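# A structural walkthrough
Residues per chain are reported as follows:
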Amino acid sequence: MSWLPLEIDPARCRSPVAESIRVRQAVELVRQLPLSLGGNLSLSVLTAMALWGAAAPAYMYGWLALFWLTALPGVRQWLKYRHAPAPERVSVRLIWRATLYSIVVALPWAIGNW
């Protein structure tokens, strides 16, 4: 059995409990975006300052640019939905996209360690 559910039972996804959990997840994601993206960006700058002499400046600027470029969609989403009321429904697809976005935001850390 895989840890990644490749087949999702549609009946389970449409249950009222699953729907309320997804709505709460979406609301919390939007609420926490400024903190998580701000922390990610500020730690990337601090890391670049600490490692400035260990790598070429062009590499460090490129690495920092990756952080800022990956943060832009999240900032845009937060600006769009920060004052919006909680949605009545949230699709499973939106939760999967949020999961994939978190992987994309983490990629510059992996590239920097490479």
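Preceding block: the structure.
Attention in this report is confined to the structure presented alongside it.

The rules we used
- Residues numbered from 1 in each chain as written.
- Predicted model: local features only at pLDDT ≥ 70, side-chain atom pairs only at ≥ 80, totals over all residues.
- Heavy atoms only, no water.
- Phe/Tyr/Trp six-rings, centres within 6.5 Å; stacked < 30°, edge-to-face > 60°.
- Helix = DSSP H or I, 4+ residues; strand = E, 2+ residues; numbered from the N terminus.
- Core = buried A, V, L, I, M, F, W, Y, C linked by side-chain atoms within 4.5 Å.
- Buried < 20%, exposed > 50% of the residue type's maximum accessible area, 1.4 Å probe, protein only.
- Contact = heavy atoms within 4.5 Å.
- 1 Å grid on protein atoms, 1.4 Å probe; cavity = no way out; pocket = protein on both sides within 12 Å on 5 of 7 lines; lining within 4 Å.
- Points joined across faces, edges and corners; volume = space filled by probe spheres on them.
- Nonpolar A, V, L, I, M, F, W, Y, C, P; charged D, E, K, R; others polar.
- Salt bridge = Lys/Arg side-chain N within 4 Å of Asp/Glu carboxyl O.

### Some thoughts on the packing of aromatic side chains
By the definition in use, this model includes four aromatic pairs. Ring geometry for Phe-67 against Trp-109: centres 4.8 Å apart, planes inclined by 70 degrees, an arrangement best described as edge-to-face. Remark: Trp-109 occurs in helix α4 (residues 92-113) and Phe-67 occurs in helix α3 (residues 57-81); sequence separation between them is 42 residues. Taken together, the aromatic side chains of Trp-63, Phe-67 and Trp-109 make up a single cluster linked through ring pairs.

### Quick word on the nonpolar core
By size, the foremost hydrophobic cluster in this structure holds ten residues: Leu-33, Leu-37, Leu-41, Ala-48, Met-60, Trp-63, Leu-64, Phe-67, Ala-71 and Val-105. Elements with a contribution of two residues or more to this core: α2 (16-50) and α3. Looking at which element gives the most residues to this core, the answer is α3, with five residues. If we skip the residues at most four places from it in the chain, Leu-64 touches Ser-44, Val-45 and Ala-48.

### Comments concerning the layout of surface pockets
Counted as a void, the largest pocket has a volume near 910 Å³. Along the walls of the largest pocket sit 32 residues, with Ala-26, Leu-29, Val-30, Leu-33 and Ala-98 positioned nearest its centre. Looking at the lining of the largest pocket, the elements that each hand over two or more residues are α2, α3 and α4. No other element matches α2, which puts twelve residues into the lining of the largest pocket. The class makeup of the residues in the lining of the largest pocket is 19 nonpolar, eight polar and five charged.

### Let's talk about the pattern of salt bridges
Inspection of every chain in the model, using the stated rule, returns three salt bridges. Among the salt bridges present, the one from Arg-24 reaches Glu-28, with a minimum N-O distance of 2.7 Å. Of this pair, Arg-24 and Glu-28 are both found in helix α2, four residues apart, which corresponds to roughly one turn of the helix. The partner of Glu-28 in a salt bridge is Arg-31, with the nearest N and O atoms 2.6 Å apart. Pair noted here: Glu-28 and Arg-31 are both in helix α2, with a separation of three residues, about one helical turn. The class for Glu-28 is buried, based on a relative accessible area of 17%. Relative accessible area serves as the criterion here: at 54%, Arg-31 is assigned to the exposed category. If you follow the salt bridges from partner to partner, you end up with Arg-24, Glu-28 and Arg-31 in one network.

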